[in-house]
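Structural overview
Okay, here's what each chain looks like letter by letter:
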Amino acid sequence: ATKQVLDDLVSSARERPAEITCFLSAPFYASQTRIIKQTRDTPIVVSRRLVADLINQDLRNFKTADHELIEHKVMQIKLNRYVTNAPYGQHATEIEISHYASVGTERVLNRLRETFTPYLSGRTLVFHSFPFVFFTISRDLLNQHSALLLDVGGEVTELSLVANEVLWETVSFPFGRNFLLRRLAIELKTVPEEVISALKIYQRGGHNKLTTERINDALTECRREWLAAFKQALVALSESHFGSSQLWAVGDPLILSILLDWIKQTSYDDLLIAQRAFKTSLLNNEILKDPCAERKISLTTDSHLLLENIFHDRLMSL
């Protein structure tokens with residue numbers, strides 16, 4: 001698919017892109033939020049060089065053989081236990097840095113580079129991980145300092161925990177959009193493309209009784225499996241922090257409408273987590289239209305692409 005897009009791009013575009021940014025989702029990256037703490041007996045002046053040295057020293061312990069660092073971003077700095085947005089030049093005895101780091105395997109990253117090179121040689125390929133994109137948009141544009149972020153991709157669903165303006169952890173499970181479509185295709189004895197039309201008719205209540213019952217039966221089984229994995233992800237995330245009741249979701253609106261209904265209709269009393277119900281919101285064009293208009297980004301039905309465009313534009317403006 002990537003090769004086809006590149007072929008169409010270079011054959012039709014008057015100008016080729018000057019740069020390439022590639023956003024990775026699970027399972028093509030691994031990430032971790034790392035906390036650096038340093039205490040001094042006497043106050044020290046906090047400088048950019050000091051913060052950079054502390055992070056670089058920490059990153060040397062993060063990388064492993066056959067892996068390549070693809071991004072590292074400071075999310076929060078505390079001086080003497082207080083969050084500050086202007087740390088440089090201040091004096092402190094305690095410094096705490098929360099920073100996000102992600103890696104990819106050299107084999108996968110080099111394969112992607114090899115795919116782009118014949119079409120766009122000489123360009124540097126810059127990598128980012130999608131959970132950090134999602135986190136940045138939810139924090140800065142939606143003013144969500146604590147939330148759960150649900151990203152439903154084709155094969156994998158990722159659930160991220162944001163607490164106190166820090167992306168603490170992301171958990172993934174192998175039940176994405178195609179999981180639902182394949183199950184329904186088997187039950188209806190058709191192909192996934194036809195399932196999408198069937199689901200639209202089903203949600204409008206337009207099917208006959210037999211077809212509706214078959215879809216209900218298939219969805220009931222899918223619901224059990226998907227929610228079991230979702231609850232396991234919640235348990236894993238709640239080991240570090242209690243999450244917010246606000247959940248933002250991104251993905252195919254048709255599939256997400258089903259998944260978000262499942263989440264809202266489910267009881268979580270059996271889990272040791274703070275929330276007993278979720279307030280779910282779909283990150284759609286209506287919410288993103290103002291940030292896109294401000295940055296002259298064309299709206300598209302692909303919400304992942306919109307978030308990546310906004311993130312890239314903000315990054316380039318810094």
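Our structure is the block above this text.
Residues numbered from 1 in each chain as written. Predicted model: local features only at pLDDT ≥ 70, side-chain atom pairs only at ≥ 80, totals over all residues. Heavy atoms only, no water.

**Focus: the nonpolar core**
Quick reminder of the rule: We call a set of buried residues a nonpolar core when its members are Ala, Val, Leu, Ile, Met, Phe, Trp, Tyr or Cys and they connect through side-chain atoms within 4.5 Å of each other. Relative accessibility thresholds used throughout: buried, under 20% of the residue-type maximum; exposed, over 50%; partly exposed, between the two (1.4 Å probe, protein chains only). Helix numbers and strand numbers start at the N terminus; a helix is a DSSP run of H or I with at least 4 residues, a strand a run of E with at least 2. Residues count as neighbours in contact if any of their non-hydrogen atoms are within 4.5 Å of one another.
Residues L150, L159, W226, F230, L247, W262 and I263 are the most contacted members of the largest nonpolar core, which totals 41 residues. Residue assignment for this core shows that the elements contributing at least two residues are strand 7 (147-152), strand 8 (157-163), strand 9 (166-173), helix 5 (177-188), helix 6 (192-203), helix 7 (209-238), strand 10 (246-250) and helix 8 (253-265). Broken down by element, the residue count for this core peaks at eleven residues, all from helix 7. With residues up to four places along the chain from it excluded, the contact list for L247 reads L148, L150, L159, F230, L260, I263, F278, K279, T280 and S281. Formed by 40 residues, the second largest nonpolar core is a distinct cluster that contains Y100, V162, L167 and L288.

**Re helix 2 (residues 48-62)**
To keep things clear, this is the line we draw: Working rule for helices: expected span equals 1.5 Å times residues minus one. The arc in question is traced by the directions running from the helix axis to the C-beta atoms.
The first and last C-alpha atoms of helix 2 sit 21 Å apart over 15 residues, in line with the 21 Å expected at 1.5 Å per residue. Residues of helix 2 that are buried include every one of L50, V51, L54, I55, D58, L59 and F62, and no others. Axial view of helix 2: buried residues confined to an arc of 165 degrees, hence all on one face. Pointing more than 90 degrees away from the buried face of helix 2 are the exposed residues R49 and R60. Buried residues belonging to helix 2 abut strand 2 (30-45), strand 3 (67-79) and strand 5 (91-105).

**Brief notes about the packing of aromatic side chains**
Test applied: Classification of ring pairs rests on two measures: the distance between centres of Phe, Tyr or Trp rings, Trp counted by its six-membered ring, which must be within 6.5 Å, and the angle between planes, read as stacked under 30 degrees, edge-to-face over 60 and tilted in between.
A full pass over the atoms with the stated rule returns eleven aromatic pairs. Ring centres of F230 and F278 lie 6.2 Å apart, and the angle between their planes is 70 degrees; on these two criteria the pair is classed as edge-to-face. With F230 in helix 7 and F278 in the loop between helix 8 and strand 11 (279-282), this residue pair connects regions lying 48 residues apart in the sequence. Across the pair, F278 and F230 agree in class, each one buried.

**Looking at the environment of I70**
Relative to the elements of secondary structure, I70 occurs in strand 3. Distance from I70 to F127, taken between C-alpha atoms, is 5.6 Å for residues 57 residues apart in sequence.

**Quick notes on unusual backbone geometry**
At the junction of A26 and P27, the peptide bond is cis and its omega measures out at 5 degrees in the coordinates. With respect to the element layout, P27 can be found in the loop between strand 1 (20-24) and strand 2. Positive phi values are uncommon outside glycine, yet E165 reaches one of about 70 degrees.

**Quick look at the side chain of E158**
Quick note on the threshold: Positive charges come from Lys and Arg alone, negative charges from Asp and Glu alone, with His and the N- and C-terminal ends not counted. Take a side-chain nitrogen of Lys or Arg and a carboxyl oxygen of Asp or Glu: if they are within 4 Å of each other, that pair is a salt bridge.
Within the fold, E158 resides in strand 8. Look at E158: it is buried, it has no salt bridge, and the nearest opposite charge is R177 at 15 Å. The residues contacting E158, other than those within four sequence positions of it, are S25, A26, Y29, P131, L149, L150, D151, T170, V171 and S172.

**So, the side chain of Q76**
Mapped onto the secondary structure, Q76 falls in strand 3. The class of Q76 is buried, set by a relative accessible area of 10%. Residue contacts for Q76: discarding those within four places in its chain leaves V83, E96, I97, S98, N164, E165 and V166.

**Re the layout of surface pockets**
Let me state the cut-off plainly: Both site types are read off a 1 Å grid over the protein atoms alone. A 1.4 Å probe that fits but cannot get out defines a cavity, while an open set with protein on both sides within 12 Å along at least five of seven lines defines a pocket; lining residues have an atom within 4 Å of a point. Grid points are joined across faces, edges and corners, and a volume is the space filled by probe spheres set on the points. Amino acids outside the nonpolar list (Ala, Val, Leu, Ile, Met, Phe, Trp, Tyr, Cys, Pro) and the charged list (Asp, Glu, Lys, Arg) are all regarded as polar, and Gly is one of them.
In this structure, the largest pocket occupies an estimated 1100 Å³ of space. Sorting the residues of the lining of the largest pocket by element identifies helix 1 (2-12), strand 1, helix 3 (106-116) and helix 10 (303-317) as the ones contributing at least two each. Of the residues belonging to the lining of the largest pocket, the class tally is 17 nonpolar, eight polar and six charged. Approximately 460 Å³ is the volume found for the second largest pocket. Lining the second largest pocket we find 18 residues, and of these V74, M75, Q76, I77 and Y88 sit closest to its centre.

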